[in-house]
Amino acid sequence: MAESGMVIIGAGEAGARAAVELRARGWPGTITIVGEEKWGPYERPPLSKRQLLADDEQTPVHILREEMLVEHNIRLLTGRPAVHIDRSGHFVEVADGSRLRYERLLLATGARPRKLPIAGPVGEKLIYLRTFDDALNLRPRLAAGRRIAVIGGGFIGLEVAATAVERGCAVTLIEIGPRILMRAVPSEIAALMEARHRAAGVTFKLGAGLERIAETADGFELLLADQTVVRCDEVVIGIGAVPETTLAAECGLEIENGVKADERLATSDPAIFAAGDCCSFPHVRYGGRRIRLEAWRNAQDQGIHAAGNMLGANEPYRAIPWFWSDQYDLTLQVAGLPEFGVSTAVRELGGSAKLMFHLEEDGTLAAVSGIGPSSAIAKAVRIGEKLVERRASIDAVRLADPGVKLKSLL
Amino acid sequence: MTAEDWIEACAAADIDDEDVIRFDHGDRTFAIYRNAKNQYFATDGFCTHERVHLANGLVMGNLIECPKHNGRFDITTGEAKRAPACEKLNTYPVKVEAGKVYIRID
C-alpha cells in the first residue's frame, strides 16, 4: 500500500472542492478522489435544465479540468466505487482491489434518487435524474409532442417539467401532497411557481396518490388514487433523494438522516469527515438543529470547510443554507430556514416577483425567500442572507416596503 | 483614439452607491459598477463560469459576486477572486463627464 494521504470518497461538487482546498491550504501529501461514475466531478445544476435542451452537449461541465488536476497534483480514480472502509487499518478498499491508506477520509458520497416501489419490467423503464448519463438518457425522450408524466412536485420534477414544456412536450405533473414544493418553500411562493407552470401548459394532479403504473402498447397508463387515468409516453420520477450512507453504515459510523457529523463536519470517527448531500449536521445558527441539505452551494461550501477541518482548523460550519431553482423566466431562491420563522413580512416587487422575510419570535430574521426574474430578486436574497447570518432584527414594516433599500439595512 | 470610441452607457446617477447595472450594446452585454468611493468601472456582463448576468449580483467593496454560484471578481482588474470563477473578466476603460458614464469597448 502506498503512502498515507487524504482520501475523498465521492467525485461530486463537495469532493472536488475539498480536494482543491486541501492543496490550497498546503497539504503536502497525496490527495485521492474515488468516484463511481466514469466522469470526473461535474456540475449537476445544468442536468435538469440546459443540458436537457442542448442536443449537442455530449460531456458534462467538468469542475476539475485536467490542467487543474495536474496543477494541484490531485489523483482522480473514476469508474470504480469504494467498496469498504477499514477504520482500524485506516484504509479504503476500491472496487479494482486497490487499497488507499488515509490520514483523514472525507465522505462526499452524495445522495441517490428515491425509487418508486415498483418492481419488474415497468420499474426499469421509469426515468430518474441524478447523473449526466441520466440526462443523456432523458434528453431524446423529451421530443416535441410527446406526453411526459412527472411524478413529484419538488425541484427536480418541476425543472424537468419546465424543460419538457420548452421542448414542446405535453406535461402532466402528479404530486401526492396538496401543493408543490411542500418541503422547502413557503406556500405563497410555491403558488406563484405553480401559476407559471399552468400558464406554460403543465397539467397538475395535486393530492394525487399513485396507485399503479401499467405499460400499454404505446407507453404507460398511470392509475391515480381517485381512479383517474393519465396516459403518457414517458414517466419521470422526482420524489426526493436518499443520502448515500452504505459504506458509512457498514463500517459502523453513526447514521442519522445521513452520515451523522458534528458542527465541524467530523463523523463519529475523528479521522473521518462528511460533506454535501450525504451529511447531516447540527446548524449553529439554528440552535443546533440537525439538518441535511441537498444543494449545490452547500456541497461546495461543506467540501471546502471539511478540508480545513481535516487539516486541523477545528471550525464549526456556519454557512447559511441557500438554494435556487430556475424554471422558465423565473428564479426561486431561499436563504436560511423559513420554518424557523413565526411571522412573515412580504415585499411585493410587481408582476410575479415577491420577497418574503421570515421572522423569529424575537424579530430576528430566520430566512428570506423570493421568486421572480433574477434581476428582481437575486441581490435582495443575497443581502437577506447576510442579515440572517448577522441575526439582524429588523422592523417588519421596513422589510415589506419596496422603497427601503435592503442594502441600507446591512 | 477619437471621441467616437467612447460610448455613452448611462447617467452617473443611474448606478447606486456600491452597485452595478447591466448595459447592453449591440450583441454584447457589460456590467458597469460604482464603488463606495464614487469610482466607476466596467467589465464583461457575463460571469466567466456560466452565462449569468453579473449585474444581478452584489457589489461589496471592489468585488462583484456572481448571483448564481458566488464566484467573485475584482471589478477594478477583472481578476477572479473566488471559486468557481477561475477565468478573468475583461475590463473596459470608463470615464464620467457631465453626469454621463462612457465606456470604451475594443
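### Describing helix H10 (residues 374-389) of chain A
Turning to step 1, where the next piece is worked out: Given a rise of 1.5 Å per residue, 16 residues ought to cover 22 Å, and the 22 Å separating the end C-alpha atoms of H10(A) matches this to within 8%.
Turning to step 2, where the next piece is worked out: By the criterion of burial, H10(A) is predominantly enclosed, with twelve of the 16 residues buried.
Turning to step 3, where the next piece is worked out: Restricting attention to buried positions, one finds in H10(A) the residues A:Ser374, A:Ala376, A:Ile377, A:Ala378, A:Lys379, A:Ala380, A:Val381, A:Arg382, A:Gly384, A:Glu385, A:Leu387 and A:Val388.
Turning to step 4, where the next piece is worked out: Of the surrounding elements, those touching the buried residues of H10(A) are strand E21 (322-327), strand E22 (330-336), strand E24 (354-359) and strand E25 (365-372) of chain A together with strand E5 (58-60) of chain B.
Turning to step 5, where the next piece is worked out: One or two residues past the end of H10(A) sits A:Arg391, with phi positive at roughly 55 degrees.

### Let's talk about the interface of chain B and chain A
The figure often quoted for interface size is the accessible area lost as the parts come together.
Turning to step 1, where the next piece is worked out: Counting residues at the interface gives seven residues for chain B, matched by nine residues for chain A.
Turning to step 2, where the next piece is worked out: A class-by-class count of the residues in the side of chain B that touches chain A yields three nonpolar, three polar and one charged.

### Some remarks on the packing of helix H1 (residues 13-24) of chain A against helix H9 (residues 296-310) of chain A
Residues and elements named next belong to chain A.
Turning to step 1, where the next piece is worked out: The contact between H1 and H9 brings their axes to 7 Å, and the two run at 35 degrees. Where H1 crosses over H9, the handedness of that crossing is right-handed. Each of Glu13, Ala14, Gly15, Ala16, Arg17, Ala18, Glu21 and Leu22 in H1 lies in contact with H9, whose residues at this interface are Trp296, Ala299, Gln300, Gln302, Gly303, Ile304, Ala306, Ala307, Gly308 and Met310.
Turning to step 2, where the next piece is worked out: The class makeup of the residues in the contact of H1 with H9 is ten nonpolar, five polar and three charged.

### A word on H1(A)
Each full turn of the α-helix corresponds to 3.6 residues, which orients residues three or four apart in the same direction.
All names here are of chain A.
Turning to step 1, where the next piece is worked out: The end-to-end C-alpha distance of H1, which contains twelve residues, comes to 17 Å, matching closely the 16 Å that a straight helix rising 1.5 Å per residue would cover.
Turning to step 2, where the next piece is worked out: Here H1 lies mainly inside the structure; ten of its twelve residues are buried.
Turning to step 3, where the next piece is worked out: Along H1, the residues that are buried comprise Glu13, Ala14, Gly15, Ala16, Arg17, Ala18, Ala19, Val20, Glu21 and Leu22.
Turning to step 4, where the next piece is worked out: Where the residues of H1 are buried, they touch strand E1 (5-9), strand E2 (31-34), helix H3 (66-72), strand E6 (99-107) and H9.
Turning to step 5, where the next piece is worked out: Positioned one or two residues after H1, Gly26 has a phi angle of 95 degrees, which is positive.

### Topic: the sheet that holds strand E14 (residues 229-232) of chain A
Residues and elements named next belong to chain A.
Turning to step 1, where the next piece is worked out: Pairing is antiparallel in the open sheet, where three strands are placed in the order E12-E13-E14. Among the strands making up the open sheet, the edge pair consists of strand E12 (210-216) and E14. Strand-to-strand twist in this sheet, taken as the mean axis angle between neighbours without regard to direction, amounts to 20 degrees.
Turning to step 2, where the next piece is worked out: By the bridge criterion, four bridges tie strand E13 (residues 219-224) to E14 in an arrangement that is antiparallel. Residue pairing for E14: Glu221 is matched across the bridge by Arg231.

Rules and cut-offs
Sequence order as written defines the numbering, with residues in each chain counted from 1. Each chain takes a letter, starting from A, and each ligand takes a number, starting from 1, following the order in which they are written. Given that this is a predicted model, residues contribute local features only at a pLDDT of at least 70 and side-chain atom pairs are listed and counted only at 80 or more, while totals for whole chains, interfaces and linings are drawn from all residues. Numbering of helices and strands runs from the N terminus, with a helix taken as a DSSP run of H or I at least four residues long and a strand as a DSSP run of E at least two residues long. Take the number of residues in a helix, subtract one, and multiply by 1.5 Å to get its expected span. Comment: burial labels come from other C-beta atoms within 10 Å of the residue's own C-beta, placed from the backbone, where a count of 20 or more is buried, 12 or fewer is exposed, and between is partly exposed. A residue pair is marked as a contact if its C-beta atoms, positioned from the backbone, fall within 7 Å. In the scheme used here, Gly and all other residues not listed as nonpolar or charged are polar, with Ala, Val, Leu, Ile, Met, Phe, Trp, Tyr, Cys and Pro taken as nonpolar and Asp, Glu, Lys and Arg as charged. To obtain an axis, a line is fitted to C-alpha atoms, over the contacting stretch when the element is a helix, and the angle between two such axes runs from 0 to 180 degrees between their N-to-C directions. Handedness of a crossing is defined here by the sense of rotation of the near helix relative to the far one, left-handed for an anticlockwise turn of less than a right angle and right-handed for a clockwise turn. Two strands pair if DSSP finds at least two bridges between them.

The values reported here are purely geometric and, on their own, carry no functional implication.
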